[in-house]
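Observations on the model geometry
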Amino acid sequence: IKRIIFDIDNTLITDVAFDPYVNNAFIRYGVTPKVKEFQDNCDLYEKRYGKYNKELYAQFYSEVLNEKLDTIWVNILLDELKNCIPKYHNLNRVLDSLSDYELVLLSNYFKESQMNRLKNMGIDHYFKEYYGDDIVKPNKEAYMMALGHHAPYECVMVGDNRLLDVIVPRDLGLKTIYINDKDTLIDGMTLRSVEELSPKIIRKLR
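Okay, so let's go over this structure. (Residues numbered from 1 in each chain as written. Predicted model: local features only at pLDDT ≥ 70, side-chain atom pairs only at ≥ 80, totals over all residues. Heavy atoms only, no water.)

Notes on the pattern of salt bridges
Tallied over the entire structure, the rule returns 16 salt bridges. Across the pair Lys34 and Glu67 runs a salt bridge, and its minimum N-O distance is 3.4 Å. Here Glu67 lies in the loop between helix H4 (54–65) and helix H5 (71–81) and Lys34 lies in the loop between helix H1 (19–29) and helix H2 (35–40), a separation of 33 residues in the sequence. A salt bridge links Asp165 to Lys137, with the shortest nitrogen-to-oxygen separation between them at 2.8 Å. Placement of Asp165 in helix H9 (residues 162–171) and of Lys137 in the loop between strand E3 (130–131) and helix H8 (140–146) is noted, with a sequence separation of 28 residues between them. Accessibility expressed as a relative area gives 3% for Lys137, which makes it buried. Salt bridges here are not isolated pairs; linked through shared partners, they connect Arg28, Asp79, Glu80 and Lys82. (Salt bridge = Lys/Arg side-chain N within 4 Å of Asp/Glu carboxyl O. Helix = DSSP H or I, 4+ residues; strand = E, 2+ residues; numbered from the N terminus. Buried < 20%, exposed > 50% of the residue type's maximum accessible area, 1.4 Å probe, protein only.)

Structure, rendered in structure tokens:
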């Protein structure tokens, strides 16, 4: 194994609620908060556009929320989300132990937002590259970009989504680690938390 590819939400960042930050962004922008409608349309945005672009994002949410939004609103939202992180975590120890591997990120959202969140957690410096805003999972190209110069069998995808982080990457030849404390894969490596990850676990992958 040469490279470990991490998802972010519900993998590296867990036990957080987005709603207060989304609510604050609407208030700061000066429109009525429509938090539930915002959350309900996140998947539709990805299906429609397949990438994260501020102009498209503002245009899409203007349409579905029936509000006049622009990139200023997007910037306010991303500024709010940088604080959407857990109060406590033990990831520095885990990531230090994996320093012999290339660590990168593959997450479906704006790089600016996700990296600011990891920076506020003090773990952004562990990761060599970020993928997932130019083209999102489950598009094959997203995983191929995240491989860098490595072959699929030399890389591990670590994430909490059975389809995006296990089934699709496994079909492409990557090894996978499923992060889930309630659902266990029959034929794969499952951990309750990314904090259980270690070089010993990586060496067990076949």
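Concerning the side chain of Glu80
Here Glu80 lies in helix H5. In this view, Glu80 contacts Tyr21, Asn24, Ala25 and Arg28; residues no more than four positions away in its chain are not counted. (Contact = heavy atoms within 4.5 Å.)

Digging into the environment of Leu205
The topology assignment puts Leu205 in the segment after helix H10 (199–204). Residues Leu205 and Met189 lie 16 residues apart in sequence; the distance between their C-alpha atoms is 7.6 Å. In this view, Leu205 contacts Val156, Lys175, Thr176, Ile177 and Met189; residues no more than four positions away in its chain are not counted.

A look at unusual backbone geometry
In this structure, Pro138 follows Lys137 across a cis peptide bond, with omega equal to 10 degrees. The residue Pro138 is located in the loop between E3 and H8 in this model. If you check the backbone angles, Asn10 has positive phi at about 70 degrees while not being a glycine. Looking at where Asn10 falls in the secondary structure, it is placed in the loop between strand E1 (3–6) and H1. Taking relative accessible area as the criterion, Asn10 reaches 47% and is therefore assigned partly exposed. Here the phi dihedral of Asp15 falls at roughly 55 degrees; this positive angle occurs in a residue that is not glycine. Among the structural elements, Asp15 can be located in the loop between E1 and H1.

Some remarks on H4
Residues spaced three or four apart along an α-helix face the same direction, because each turn holds 3.6 residues. Taking 1.5 Å as the rise per residue, H4 with twelve residues should run 16 Å; its terminal C-alpha atoms sit 16 Å apart, in good agreement. On the buried face of H4, the contacting elements are H1, H2, helix H3 (42–49) and H5. Two or three places before Glu55, at the opening of H4, Asn53 has a side-chain oxygen 3.0 Å from that residue's backbone nitrogen. (Expected span 1.5 Å × (residues − 1). Polar contact = N/O pair within 3.5 Å; in protein donor to acceptor, adjacent residues only side chain to side chain.)

Overview of the sheet that holds strand E5 (residues 175–179)
Strand order in the open sheet formed by six strands is E3-E2-E1-E4-E5-E6, with parallel pairing between adjacent strands. The sheet terminates laterally at E3 and strand E6 (189–191), the two strands that pair on one side only. Taken together, the three bridges between E5 and E6 define a ladder with parallel strand orientation. Residue pairing for E6: Tyr178 is matched across the bridge by Thr190. (Pairing = 2+ DSSP bridges.)

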